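As a plain string of letters, each chain reads:
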Amino acid sequence: MYRIAPSILSANFARLGEEITNVIDSGADIIHFDVMDNHYVPNLTIGPLVCEAIRPLTDAMIDVHLMVEPVDRIVPDFAKAGANIISFHPEASRHIDRTIGLIKDQGCLAGLVFNPATPLHYLDHVLDKLDLILIMSVNPGFGGQAFIPEALNKLRAVRKRIDESGRSIMLEIDGGVKVDNIAEIARAGADTFVAGSAIYGAGKDSDPHRYDTVVSALREELSKV
Ligand code: DX5
Ligand code: ZN
């Protein structure tokens, strides 16, 4: 089962609520919520207040991708704001196992995120505790960057580890996902696909903003895998 997770980083923030309901009505599955702090990454985006504001608009899971350092202090705020999944970068947490425990204690699913150059050994002792593994196919900080092909090798390696574990762990890819590469990415093992500019860029000239065409095109590609 494949899940499409539009990144609201590329949405029109002046009409954010509508951008969220429209993208879910257009057939997307999950709202990907990029949190950047101008410290761990060189950009600044949105926090728990915005998560809380959008929570009543949809039953879809809100997938919070924390690009912040430190991590732990902000986790309970996002849990209270209605996040379903909270993912973080291992380099940004001094105690990775503790952060995973904190996310789960707050009633959320826990994810670990790997930048293009971050080695997979961070999985060695925590794989059994994770609900999601997120492979970055761009360096985090901005939407609209080009997909880094090495991410495919990483996906294959993680897919193998997940299958060997026998656990159900979501394998998500984030960065540069488009209609023309999503099938190849799925073949490498991803089951959850973040797409920001590909989805929100495609609907921005329609009024109301609708995303049916691009979401169907992504699903059509996935149906060929
Ligand atoms: C990048 C973010 C991504 C970003 C993806 O740091 O984590 O979620 O919004 O955007 P696209 O799909 O445009 O590469
Ligand atoms: Zn993201």
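Just above sits the structure.
What you see is a predicted model; the values in this text were computed from it and never measured. (Residues numbered from 1 in each chain as written. Chains lettered and ligands numbered in written order. Predicted model: local features only at pLDDT ≥ 70, side-chain atom pairs only at ≥ 80, totals over all residues. Heavy atoms only, no water.)

A.B. asks: What is the right way to look at the pairing of strand E1 (residues 3-6) in this model?
C.D. replies: Of the two faces of E1, both are covered, the one formed by Arg-3 and Ala-5 as well as the one formed by Ile-4 and Pro-6. Direction of pairing for E1 relative to strand E8 (residues 192-195): parallel, over a ladder of four bridges. From the neighbouring strand, Arg-3 faces E8, where its bridge partner is Thr-192. (Buried < 20%, exposed > 50% of the residue type's maximum accessible area, 1.4 Å probe, protein only. Helix = DSSP H or I, 4+ residues; strand = E, 2+ residues; numbered from the N terminus. Pairing = 2+ DSSP bridges.)

A.B. asks: Hey, could you run me through the site of ligand 1 in this one?
C.D. replies: The environment of ligand 1 is made up of 20 residues, and the closest members are Asp-34, Gly-141, Asp-174, Gly-196 and Ser-197. Here an oxygen atom of ligand 1 sits 2.7 Å away from a polar atom, N or O, in the side chain of Asp-34. The backbone of Gly-196 places a nitrogen or oxygen atom 2.8 Å from an oxygen atom of ligand 1. For the shell around ligand 1, the secondary structure elements donating two or more residues are strand E2 (30-36), strand E3 (61-67) and E8. Take the shell around ligand 1: its biggest share by element is three residues, from E2. Split into classes, the residues belonging to the shell around ligand 1 amount to eight nonpolar, ten polar and two charged. (Near = heavy atom within 4 Å. Polar contact = N/O pair within 3.5 Å; in protein donor to acceptor, adjacent residues only side chain to side chain. Nonpolar A, V, L, I, M, F, W, Y, C, P; charged D, E, K, R; others polar.)

A.B. asks: In this structure, what is going on with the pattern of salt bridges? I would like to understand it.
C.D. replies: Pairs can form between side chains of opposite charge whenever their charged atoms are close. By the definition in use, this model includes 14 salt bridges. Of the charged contacts, one joins Arg-210 and Asp-212 as a salt bridge, the two residues approaching to 2.9 Å between their closest N and O atoms. Judged by its relative accessible area of 34%, Arg-210 is partly exposed. Taking the relative accessible area as the measure of exposure, Asp-212 reaches 30% and is therefore partly exposed. What emerges from the salt-bridge pattern is a single network uniting Arg-3, Arg-159, Asp-163 and Asp-191. (Salt bridge = Lys/Arg side-chain N within 4 Å of Asp/Glu carboxyl O.)

A.B. asks: Just to check I follow, could you spell out the sheet that holds strand E5 (residues 109-114) for this structure?
C.D. replies: Backbone-to-backbone hydrogen bonds join strands into a sheet, with any given pair of strands oriented parallel or antiparallel. One open sheet accounts for eight strands, arranged E1-E8-E7-E6-E5-E4-E3-E2; its pairing is parallel. Each having just a single partner strand, E1 and E2 make up the two edges of the open sheet. Shown here is a sheet whose adjacent strand axes are inclined to one another by a mean of 25°, direction ignored. Pairing between E5 and strand E6 (residues 132-136): four bridges, direction parallel. Note on E6: the bridge partner recorded for Leu-112 is Ile-133. (Axes fitted to C-alpha atoms, helices over the stretch in contact; angles between N-to-C directions.)

A.B. asks: Please explain the pairing of E2 as it appears in this structure.
C.D. replies: Consecutive side chains along a regular strand alternate between the two faces of the sheet. The buried fraction of E2 amounts to seven of the seven residues, a majority that puts the element mostly inside the structure. Across seven bridges, E2 lies against E3 in parallel orientation. Following the sheet pairing, Val-35 is matched in E3 by Leu-66. Read from E2 through helix H2 (residues 48-54) to E3, the crossover connection turns out right-handed. (Right-handed = clockwise from strand over helix to strand, strands pointing away.)

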